[in-house]
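In case you want the letters, here they are:
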Amino acid sequence: MPARHLRPPMGGNSWDCCGTTVTEEEVLADAAFLRDHLLAHGWDTVVVDIQWYAPTARAHGYNPDPPVVLDGHGRQLPAPNRFPSAVAGAGFRPPADRVHRLGLRFGPHIVRGVPRRAVAARLPVKGTRWTADEIAGTSSVCPWNPDDHGLDHDHPGAQAYYDSQAAQFADWGVDFVKADDMPYPYHQREISAYARAIDRSGRPIELSPSPGTRVSLARLGHLRDNATMRRVCDDLWDRWEDVEAQFARMARWQGERGWADADVLPLGRIGIRAERGGDRLYRLTRAERTSLPALRLIARSPLMMGGDPPTSPRETVELLTDDGALDVLWHSRDNREVLREADLVLWTARDTDGRTRCAAVFSPADAPRRFAVPLGSVGARPRRRPRTGSAGPGRVRRTAERGTVAAVWPGGRGRRAVRVGADAAGSGRCTVGPPGAPEDGRRPPCRP
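Read on for an overview of the structure. Since the model is a prediction, treat every value here as computed from it, not as a measurement.

Some thoughts on the overall build of the protein chain
Per the secondary structure count, the protein chain includes 12 helices and 22 strands. For the protein chain, the residues scored as buried account for 60% of the 448 residues in total. Within the protein chain, contacts between residues at least 6 apart in sequence are counted, and of these 71% link residues at least 24 apart.

Quick notes on the side chain of Arg-231
Residue placement: Arg-231 occurs in strand 9 (residues 229-231). Relative accessible area serves as the criterion here: at 3%, Arg-231 is assigned to the buried category. For Arg-231, the side chain forms a polar contact with the side chain of Asp-235, separated by 2.9 Å. Of note is the side chain of Arg-231, whose polar atom sits 3.3 Å from the side chain of Asp-263. Ignoring anything within four residues of it in the chain, the contact list for Arg-231 reads Lys-178, Pro-209, Ser-210, Pro-211, Gly-212, Asp-261 and Asp-263.

Some words on the sheet that holds strand 4 (residues 114-115)
Reading across the sheet, the three strands line up as 4-6-5 and stay open at both edges, with antiparallel pairing between neighbours. Where the open sheet ends on each side, the last strands, each with one partner, are strand 4 and strand 5 (136-141). One ladder, built from three bridges, connects strand 5 with strand 6 (residues 148-151); its direction is antiparallel. When the sheet's bridge partners are listed, Gly-137 is paired in strand 6 with Gly-150.

A look at the pattern of salt bridges
Pairing is possible between side chains of opposite charge, provided their charged atoms come close. Tallied over the entire structure, the rule returns 28 salt bridges. The partner of Arg-283 in a salt bridge is Asp-238, with the nearest N and O atoms 3.2 Å apart. Here the residue Arg-283 occupies a position in the loop between strand 12 (280-281) and helix 10 (286-299), and Asp-238 occupies one in the loop between strand 9 and helix 9 (240-252), the gap between them amounting to 45 residues. Given a relative accessible area of 51%, Arg-283 falls into the exposed group. The class for Asp-238 is buried, based on a relative accessible area of 1%. One salt bridge connects Arg-276 with Glu-275, and the closest N-O pair in it is separated by 3.6 Å. For Arg-276, a relative accessible area of 35% translates into the label partly exposed. Overall, Glu-275 belongs to the partly exposed group, its relative accessible area being 27%. What emerges from the salt-bridge pattern is a single network uniting Arg-4, Arg-7, Asp-44, Arg-105 and Glu-206.

Focus: the packing of aromatic side chains
If you walk through the whole model with that rule in mind, you get 11 aromatic pairs. Considering the side-chain rings of Tyr-162 and Tyr-194, the 4.8 Å spacing of their centres and the 65° angle between planes classify their relative orientation as edge-to-face. Of this pair, Tyr-162 sits in helix 6 (residues 156-172) while Tyr-194 sits in helix 7 (residues 188-201), placing them 32 residues apart in sequence. Note on accessibility: Tyr-162 and Tyr-194 belong to one class, buried. Seen in terms of ring centroids, Phe-169 and Trp-172 are 5.6 Å apart; in terms of plane orientation they differ by 45°. Their pairing is tilted.

Observations concerning the state of the cysteines
Under the counting rule described, the total for this entry stands at zero disulfides. Summary of cysteine pairing: Cys-18 is not part of a disulfide, and the nearest cysteine sulfur, belonging to Cys-17, is at 5.3 Å. A residue is classified by how much of its surface remains accessible, and Cys-18, at 4% relative accessible area, is buried.

Remarks on the pairing of strand 7 (residues 176-180)
If a strand is regular, its side chains alternate between the two faces of the sheet. For strand 7, a buried count of five out of five residues is recorded, marking the element as mostly surrounded by other parts of the structure. Neither face of strand 7 is left uncovered, since the one carrying Phe-176, Lys-178 and Asp-180 and the one carrying Val-177 and Ala-179 both have all their residues buried. Bridging between strand 3 (residues 105-111) and strand 7 involves three bridges; their strand directions are parallel. Its bridge partner lying in strand 7, His-109 is registered against Lys-178. Looking at chain direction, strand 7 and strand 8 (residues 206-209) are connected through four bridges and run parallel. Its bridge partner being in strand 8, Lys-178 is matched across the sheet by Ser-208. After leaving strand 7, the chain enters helix 7 and then returns to the sheet as strand 8, a path that is right-handed.

Rules and cut-offs
In this convention, every chain numbers its residues from 1, walking through the sequence in written order. Selection of residues for local features in this predicted model requires a pLDDT of at least 70, selection of side-chain atom pairs for listing and counting requires 80 or more, and totals for whole chains, interfaces and linings are taken over all residues. The side-chain values count all of the structure's non-hydrogen atoms but skip hydrogen atoms and water molecules. A run of H or I in DSSP counts as a helix once it spans at least four residues, and a run of E counts as a strand once it spans at least two, with each numbered from the N terminus. Each residue is assigned to one of three classes by its accessible area relative to the maximum for its type, calculated with a 1.4 Å probe on protein chains only: buried under 20%, partly exposed between the two thresholds, exposed over 50%. Residue contacts are defined here by distance: any two heavy atoms, one from each residue, within 4.5 Å place the two residues in contact. Whenever two N or O atoms come within 3.5 Å, that pair is a polar contact, provided that in protein one can donate a hydrogen and the other can accept it, and provided that, for residues adjacent in sequence, both atoms are side-chain atoms. Strand pairing follows a simple DSSP-based rule, namely that at least 2 bridges must link the two strands. In the sections that follow, a salt bridge refers to a side-chain nitrogen of Lys or Arg positioned within 4 Å of a carboxyl oxygen of Asp or Glu. Only the six-membered ring of Trp is used, alongside the rings of Phe and Tyr, when aromatic pairs are assigned; centres must lie within 6.5 Å, and planes under 30 degrees apart are stacked while those over 60 apart are edge-to-face, with the rest tilted. Any two cysteine sulfur atoms lying within 2.5 Å of each other are counted as a disulfide. Throughout, right-handed denotes a crossover for which the path from the first strand over the helix to the second runs clockwise when the strands point away from the viewer.

None of this, on its own, says anything about what the molecule does.
Put into structure tokens, the structure is as follows:
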């Protein structure tokens, strides 16, 4: 597995399960499960989503003017009725320490700006002569969350506030920050200011601005320079229309520096106390729920599990711990969509070994379809008939002609992985099957 900075972030996020209401007990239970079952496969980050500072937070929405917990400088503190170890100003240091002892990383969520209650109380900005009401941009507010005012970045105290928040996070041992209400509409100065604050904190904290609704590709350079991940969509839920829309977005946002983030994976048990829907298992078909992570793998997109790890089905954990599949996330380059016509989508990539080409074949069709994919369409140049193997829920029925792979999607909306390597004679070789599936029981000849 490559070093952390050479691969997309992976972990779990509490939003799809518990919305605004996650507790310390649940966070630590998720962390223990990640350590025991997912850490060895790269899943190493625990993210506590929005309103961890709100004692009265509830499922399915936000309370108006919630009584948030703040320190004397207007910075959020964990609500002690939900995070008991946060008493006496300890903040997230105790749970972060416990997560770190498990070999994992820890990260909170924030909404851009300064808390409205800090503004109303005119709390001082740490290390300055200014108060929260002087630095607030009260006309710049989040359209869906009532907690904060934006910041007036023409005032030097705005940067000082973010500096103090990032310094506090660094003191708590934070490794990752999900910063909400930043890219939509695009708040360039907010993103730059928070990235600057992280740099000044002295701790290597990863920054993930969200959501990515209607973000123009013209913003790519700025996002690459200021964030670890670049969110490219609104919230993703367990609906095929949400999954299908990701194909165009991921193709558009490919790049070599930074990671195009398509939101958390709504897999496993979700909706326990979430914003949308009730307590449920994902509402995706088998083909749909395998296509979802397969696209992330070939696009090298961050993987954050949205389901509740301890209570999700075993098949969900198995889907997320296939090292053969995860190899494409860790060891590929030049990832791109090469074809999208009617009900066929092809992606290709090169393995970092310099010898192997990787491909993923998707179909968004609603009904069973048969496709013949020439190996030349994924950049291969076979000199002999390719070998084919099992293909998940369906099977590859036959090779239609030399250099062509014919596959059947029995239920529509599926994907297949194609791995093309080269033997000593330079002849082409292809396997069609679920990413990571070995041929004839052996390890795949290449990373998928």
